[in-house]
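Each chain is listed here by its residues.
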Amino acid sequence: MTSGAAEQQSLARVPAEDVVEHLIREMTLEEKLAQLVGVWVNASTHGDSVAPLQSQMAGDARSWEEVIANGLGQITRMYGTVPVDPAEGARRLAAAQEQIMAASRFGIPAQVHEECLAGLAAWKATAFPVPLAWGATFNPGLVRQMAQRIGTSMRGLGIHQGLAPVLDVVRDLRWGRVEETIGEDPYLVGTLATAYVQGLESTGVVATLKHFVGYSASGAGRNHAPVSMGPRELADVMLPPFEMAIRHGGARSVMHAYTDVDGVPAAGNRALLTGLLREEWGFGGTVVADYFGVAFLNVTHGVAADSGDAAALALTAGVDVELPTVNCFGEPLLALVRDGKVDGKVVDTALRRVLRQKQELGLLSPDFSAVPAWLSGPFELDPAEDRELAREVATQSLVLLSNQARADGPALPLPQRGSLAVLGPLADDPFAMLGCYSFDAHVGASHPEVPMGISVPSVAAAALQRFPSVAVSVTGNCEASSEHQIAEACAVAASVDTCVVVVGDNAGLFGRGTSGEGNDAADLRLPGDQHWMLDRVLTACADSGTRAVVVVLSGRPYALGDFADRADAIVQGFFPGEDGAAALWDVLTGVVNPSGKLPVSVPRSPGGQPGTYLHSRLAGATQVSALDPSPLFGFGHGLSYTDFSLADHRCGAPTMSTSDSVTISCTVTNTGSRSGAEIVQLYLEDPVGEVVRPVRELIGYARVELAAGSSAEVEFTVHADRTSFTGLDLARVVTPGLVKLHVSTSSTSDAATHEVILHGERRIVGFDREMLTPAEVRPA
């Protein structure tokens, strides 16, 4: 019997509750460090990258046998690095796991992680809408259901951890990763991200919250740029979604951000990763590095002298696992621990968290099998029920921004008669549906010889399935159109009754697109020649009397002020996934009544950024500046094909103590002729604070679905904790005084305002405070 086999048999006799401590006692230092790293098996060191500086940093000169000789903590993206058939990927993964278990003394398999931000990022897997589209649904239940389906697919493939969701709150719309976020409001981000975490974790997959913290506020919207943010903004805007997803979602992993905040990189910030996250919040899961983030402490931040220094800084700060591969936690850290420059107890602390998580996942169980039960049969990664769900998420995410009245009625829904054209750079482009973390955009675009693994109809292709005749005119691509192409489009537009013009983004990575990681924008003008093209086409439509419908399919909102009064209707979609085109035509033709609401504001002009609705008085329009940053369409805006009234507004009491609750209620009635859904939104205004407070902030919302003529009562329960903020002493406090609670259908449209006076002592609250505003919807 080999020593490894003997150790494995010995381990099998250890009581389950003692296994982790037994391993920590028995492991050599080399075996311990092997559990704290991942290996990127299929990573390329040349060609297109899917991680920053990948070509410079992904190489490992050791053989596979040398890498796994002492065990292995994680396998990085077995399915999500190159196109691989799911069955073949599962066979490769099972073989790799068996090799890892056989090579090391204790037979511990690796934890396997993948990206799953817009569905599992694997070839042939369902491409769901991007997180910004989730935000537009204002529907946590639907997001939870989606995450459950994604997690089920992941577990079936032997994947244990998903690198999602993104909880960054948008602060600058020019940032390329806006599409990966849920929106510009921390409560919306927190509640929907929590729902995603709940769905993923319910399947046994570890959800990884990213990016902790402040990443989305990088200077000038540039990826990896420094963050100049004070502790109050960090605490009140950036941290609450993470608090919510840990406390109410049960997330078991956190990924540190790439950026530094006020000169301190997150990967080396012990006050953040240990003091706040673990000691104050009580988080017991693992902290994993964003790809190459430990090495970046030396390479890009300059706070570490070399790889060993970076390893020591990150490990002592609270980073448990180096991803995606071994740069710092291998030989450099090994030498420091042997020389006594890093305490071995710090290694044990990280190892304990890693092994406990592996035990939760069943990876320390004697009967663990690396071979999935289905491997001898088919495994469908894009089943009909997932595609149907992706379409439902897309449908609820589409936002009707404007709908002008014409002589024959509103521009939308489209009439059943008349000729139709679909124009623009994205008219016949399936990639208009996919965000940068959808596999075919993320990886597949670098493998043009491999067909898309799923069916992704374009807007024009979906139209041709519904209409007997559609004129299609493609005006180049997102970044360039020729004069000939634009002239042809104008001629087509002038020859039909209705013209649908499709503009927006192509997602990609690090310059390979107009939206996505590394694709930051100088301003919010439509990319490339699209502004010019759209201006020309709308002029042609006006001259000929053609109904002009503008569809924006993008990863960020763009300035539409020059077109709002010229287009008969505008529909905004945020990379709506594989069946997004079908969902779009459902909305355009009235098969489905639109219900999406903006998770980010749509600006009027390309400049005036950064700016979100969540701002102080001085950040809004004032008499002392000629520049008006007011949006064209505010956060929470979205129209319907029916009408809703909000009436019978009630406030439970005019006063409450600083530790009490008050109820706010109203009756919502569908006064129109067809069924639909309204999102009732509740905003807080604190007119006089001990520090500057936002003009308003979302503290509650409820999706209300009503048949024509029916009503429902909506009741919010607002605890005084929901008025809390970071005070002068940097403690989170509830203070006495007047607050205003606005019942609204958008951040710019109030139906009623209730004034409530809080009385009593100034209270300090913390992680155990009430973070949610429960909303009850019941028939009226």
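This report concerns the structure included in the present document.

Cut-off values and rules
- Residues numbered from 1 in each chain as written.
- Predicted model: local features only at pLDDT ≥ 70, side-chain atom pairs only at ≥ 80, totals over all residues.
- Heavy atoms only, no water.
- Helix = DSSP H or I, 4+ residues; strand = E, 2+ residues; numbered from the N terminus.
- Buried < 20%, exposed > 50% of the residue type's maximum accessible area, 1.4 Å probe, protein only.
- Contact = heavy atoms within 4.5 Å.
- Pairing = 2+ DSSP bridges.
- Axes fitted to C-alpha atoms, helices over the stretch in contact; angles between N-to-C directions.
- Core = buried A, V, L, I, M, F, W, Y, C linked by side-chain atoms within 4.5 Å.
- Phe/Tyr/Trp six-rings, centres within 6.5 Å; stacked < 30°, edge-to-face > 60°.
- Lys NZ or Arg CZ within 6 Å of the ring centre and 35° of its normal.
- Polar contact = N/O pair within 3.5 Å; in protein donor to acceptor, adjacent residues only side chain to side chain.

Turning our eyes to something else, we now look at the overall build of the protein. Of the regular secondary structure elements, the protein holds 22 helices and 29 strands. Seen through its principal axes, the protein has C-alpha atoms that stretch 85 × 70 × 50 Å. Out of the 780 residues belonging to the protein, those deemed buried represent 62%. Residue pairs at least 24 apart in sequence account for 79% of intrachain contacts in the protein once pairs closer than 6 positions are excluded.

Here we come to the sheet that holds strand 9 (residues 286-288). With respect to topology, 7 strands assemble into an open sheet ordered 1-2-3-4-5-6-9, the strand pairing being parallel. Every interior strand has two partners, whereas the edge strands, strand 1 (38-39) and strand 9, have only one. Relative to strand 3 (residues 111-114), strand 2 (residues 74-76) runs parallel, the two being bridged by 3 bridges. Bridge pairing in strand 3 places Ile75 opposite Val112. Contacting strand 5 (206-212) and strand 6 (253-256), helix 11 (residues 240-247) runs over the sheet at an angle of about 165 degrees to strand 5.

Attention now goes to the pairing of strand 6. Judged by which residues are buried, strand 6 turns out to be covered on both faces: Ser253 and Met255 on one side and Val254 and His256 on the other are all buried. Judged from the 3 bridges that link them, strand 5 and strand 6 form a sheet pairing that is parallel. Bridge pairing links Phe212 to His256 in strand 6. Inspection of the sheet shows strand 6 paired to strand 9 by 3 bridges, in the parallel sense. From the neighbouring strand, Ser253 faces strand 9, where its bridge partner is Thr286.

Let us look at unusual backbone geometry. The omega torsion across Ala164 and Pro165 is 5 degrees, close enough to zero to call that bond cis. Tracing the sequence through the fold places Pro165 in the loop between strand 4 (161-162) and helix 9 (186-201). The omega torsion of the bond from Phe212 to Val213 falls at 0 degrees, within 30 degrees of zero and hence cis. Structurally, Val213 can be placed in the loop between strand 5 and helix 10 (231-238). Backbone geometry places Asp262, a non-glycine residue, at a positive phi of 55 degrees. Tracing the backbone shows Asp262 in the loop between strand 7 (260-261) and strand 8 (264-265). Using a relative accessible area of 65% as the deciding quantity, one classes Asp262 as exposed. One non-glycine residue, Phe575, lies in positive phi territory at about 30 degrees. With respect to the secondary-structure elements, Phe575 resides in the loop between strand 17 (569-574) and helix 22 (580-589).

In space, the 6 strands of this open sheet follow the order 10-17-16-15-13-14, with mixed pairing throughout. Of all strands in the sheet, those with a lone pairing partner are strand 10 (399-403) and strand 14 (471-473), marking the two edges. Pairs of neighbouring strands in the sheet enclose a mean axial angle of 15 degrees, with direction left out of account. Where strand 16 (residues 547-554) lies against strand 17, 6 bridges are found, and the strand directions are parallel. Within strand 17, the position partnered with Val552 by the bridge is Gln572. Contacts between helix 21 (residues 530-544) and the sheet are confined to strand 13 (420-423), strand 15 (498-504) and strand 16, with strand 15 contributing the most and set at about 170 degrees to the helix.

This next bit is on the nonpolar core. Tyr196, Phe212, Phe329 and Val537 are the most contacted members of the largest nonpolar core, which has 188 residues in total. Considering each element in turn, this core owes the most residues, 9 residues, to helix 9. Excluding residues that lie within four positions of it along the chain, Tyr196 makes contacts with Cys116, Trp134, Val143, Met146, Ala147, Ile150, Ala164 and Pro165. Counting residues in hydrophobic clusters, the runner-up holds 37 residues, among them Leu426, Val456, Ala462 and Trp585.

It is worth spelling out the packing of aromatic side chains at this point. In this structure the tally under the stated criterion is 16 aromatic pairs. Centroid distance Phe212 to Phe242: 5.0 Å. Interplanar angle 65 degrees. Geometry classified as edge-to-face. Of this pair, Phe212 sits in strand 5 while Phe242 sits in helix 11; the two residues are 30 residues apart in sequence, bridging distant segments of the chain. The class of Phe212 is buried, set by a relative accessible area of 0%. With 5.6 Å between their ring centres and 15 degrees between their planes, Trp281 and Phe767 make a pair best called stacked. Residue Trp281 is located in the loop between helix 12 (270-280) and strand 9, and its partner Phe767 is located in the loop between strand 28 (763-764) and strand 29 (775-779); the two are separated by 486 residues in the primary sequence. Of the two residues, Trp281 and Phe767, both sit in the buried class. By way of ring pairs, the aromatic residues Trp40, Trp175, Tyr215, Tyr258, Tyr291, Phe292 and Phe296 are connected into one cluster. Between the NZ or CZ atom of Lys210 and the centre of the ring of Tyr437, over which it lies, the distance is 5.4 Å. In this arrangement the basic side chain of Arg696 is found over the ring face of Tyr683, its NZ or CZ atom lying 5.5 Å from the centre.

This part is about the environment of Asp686. The topology assignment puts Asp686 in the loop between strand 21 (676-685) and strand 22 (697-706). Those residues in contact with Asp686, other than ones at most four positions away along the chain, are Arg693, Phe725, Leu738 and Val739. Side-chain polar atoms of Asp686 contact the side chain of Arg693, separated by 3.4 Å.

With 6 of 6 residues buried, strand 17 is to be regarded as a mostly interior element. Burial along strand 17 is two-sided: Ala569, Val571 and Gly573 facing one way and Ile570, Gln572 and Phe574 facing the other are all buried. Direction of pairing for strand 10 relative to strand 17: antiparallel, over a ladder of 4 bridges. Following the sheet pairing, Val399 is matched in strand 17 by Gln572.

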